[in-house]
Amino acid sequence: MRHFITPTDFTDKETQMVLDLAERIAANPAKYSHVAEGKKLATLFYEPSTRTRLSFESAMLSLGGTTLGFSGADQSSATKGETVADTARVVSCYADIIAMRHPKEGAPLCASMFSRVPVINAGDGGHSHPTQTLIDLMTIRQRKKRLDHLTIGFCGDLKFGRTVHSLVNSLVRYPDNRFYFISPEELRIPDYLIEDTLIPAGSRYMEVTCLEDTLPKLNVLYMTRVQKERFFNEDDYLRLKGIYTLTADKLQLASADMPVLHPLPRVDEIAMDVDQDSRAAYFDQVQNGVYIRMALIMMLLGLAEPQT
Ligand code: NCD
């Protein structure tokens, strides 16, 4: 039985297999509308979410399966003191696969050790968000036709942004990717990402503070929101929010084929006037999210691809 807790749980080849399957699903979703009939997905969301939970549910329904779950710790027995381990044991009697989001780093990993069915990490604290990473890879591959030899700029809250952490872990595996990390000092990438990921991979990277100076150098820009819920101090959040805003004017500094990604929700880091620009790829990511999750559910449940 396989779980999906961090993006590197899949080899490069397996990652490519999921992306390829997601592309085939995107080309003909109707063909896959019965492959998970009789299967149940449990969404255990201990933290707020619109996209990720609905996208998982939409994916399972699109495969002909059904869903059950909760969308807030206050709706679960966590309020009575039940451990994640016990909840995982219990829910694996009710469902064939589990998607879990949790504010504590490592909670989905813990669940996977006690579950009798595959567990997917749908975001754990500031740590990882591997399904978002697959979505980001699919979107970059569609736009740039490759996942290597790219200069990628990550901008915003690089300290707490789990989507950044997991995407960097994945992108270092492809040859000659280079990184610009654009953030204020307080929100720079964690040291562990440098020491455990970037240095061992031999990746070239720069930490900078100015978005405008960096834009012309990039093949891909990944914007992020300042992660309000992970701040210990409201004043720090208020001081740092709104520190970067990408506008249509600033986007003129970038190359004509530099996609702009954002995992969403956005607050004010991308102005609405960017939405009309063909480089805005963040709504493609949302659509790709359903196809990626359909592909992932099929892989983890070992569901065969229909022949016709
Ligand atoms: C991200 C998350 O939850 O980490 N959202 C998402 O799943 N698409 C990014 C964020 O909340 O800023």
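Up top is the structure.
To keep things clear, this report deals only with the structure shown in the data block. (Residues numbered from 1 in each chain as written. Predicted model: local features only at pLDDT ≥ 70, side-chain atom pairs only at ≥ 80, totals over all residues. Heavy atoms only, no water.)

**Notes on the packing of helix α1 (residues 12-27) against helix α5 (residues 130-144)**
No. 1: Closest axis-to-axis distance for the α1/α5 pair is 10 Å, and the angle between their directions is 70°. By the angle class used here, α1 and α5 are roughly perpendicular. Both α1 and α5 take part in a crossing whose hand is right-handed. Seen from α1, the contacting residues are Thr 15, Gln 16, Val 18, Leu 19, Asp 20, Ala 22 and Glu 23; seen from α5, they are Leu 134, Leu 137, Met 138, Arg 141 and Gln 142.
No. 2: Of the residues contributing to the contact of α1 with α5, the split by class is six nonpolar, three polar and three charged. (Axes fitted to C-alpha atoms, helices over the stretch in contact; angles between N-to-C directions. Helix = DSSP H or I, 4+ residues; strand = E, 2+ residues; numbered from the N terminus. Parallel < 35°, antiparallel > 145°, perpendicular 65-115°, else oblique. Left-handed = near helix turned anticlockwise from the far one by under 90°. Contact = heavy atoms within 4.5 Å. Nonpolar A, V, L, I, M, F, W, Y, C, P; charged D, E, K, R; others polar.)

**Brief notes about the sheet that holds strand β3 (residues 97-102)**
No. 1: Judged by pairing direction, the sheet is parallel, and its four strands sit side by side in the order β2-β1-β3-β4 without closing on themselves. Each of the sheet's edge strands pairs with one partner strand only, and the pair in question is β2 (66-70) and β4 (119-124). When the angles between neighbouring strand axes are averaged without regard to direction, this sheet yields 15°.
No. 2: Bridge count between strand β1 (residues 40-45) and β3: five bridges; the pairing is parallel. (Pairing = 2+ DSSP bridges.)

**Examining the packing of aromatic side chains**
No. 1: For the structure on display, the rule yields ten aromatic pairs.
No. 2: Taken together, a centroid distance of 5.2 Å and an interplanar angle of 90° make the contact between Tyr 46 and Phe 70 edge-to-face. On the criterion of sequence distance, the pair formed by Tyr 46 in the loop between β1 and α2 (51-62) and Phe 70 in strand β2 is long-range, its members being 24 residues apart. By the burial criterion, Tyr 46 is buried, and Phe 70 matches it.
No. 3: Through pairs of rings, three or more aromatic residues link up here, namely Phe 154, Phe 179, Phe 181, Tyr 205 and Tyr 222.
No. 4: Over the face of the ring belonging to Phe 56 we find Arg 293, whose NZ or CZ atom lies 4.8 Å from the ring centre. (Phe/Tyr/Trp six-rings, centres within 6.5 Å; stacked < 30°, edge-to-face > 60°. Buried < 20%, exposed > 50% of the residue type's maximum accessible area, 1.4 Å probe, protein only. Lys NZ or Arg CZ within 6 Å of the ring centre and 35° of its normal.)

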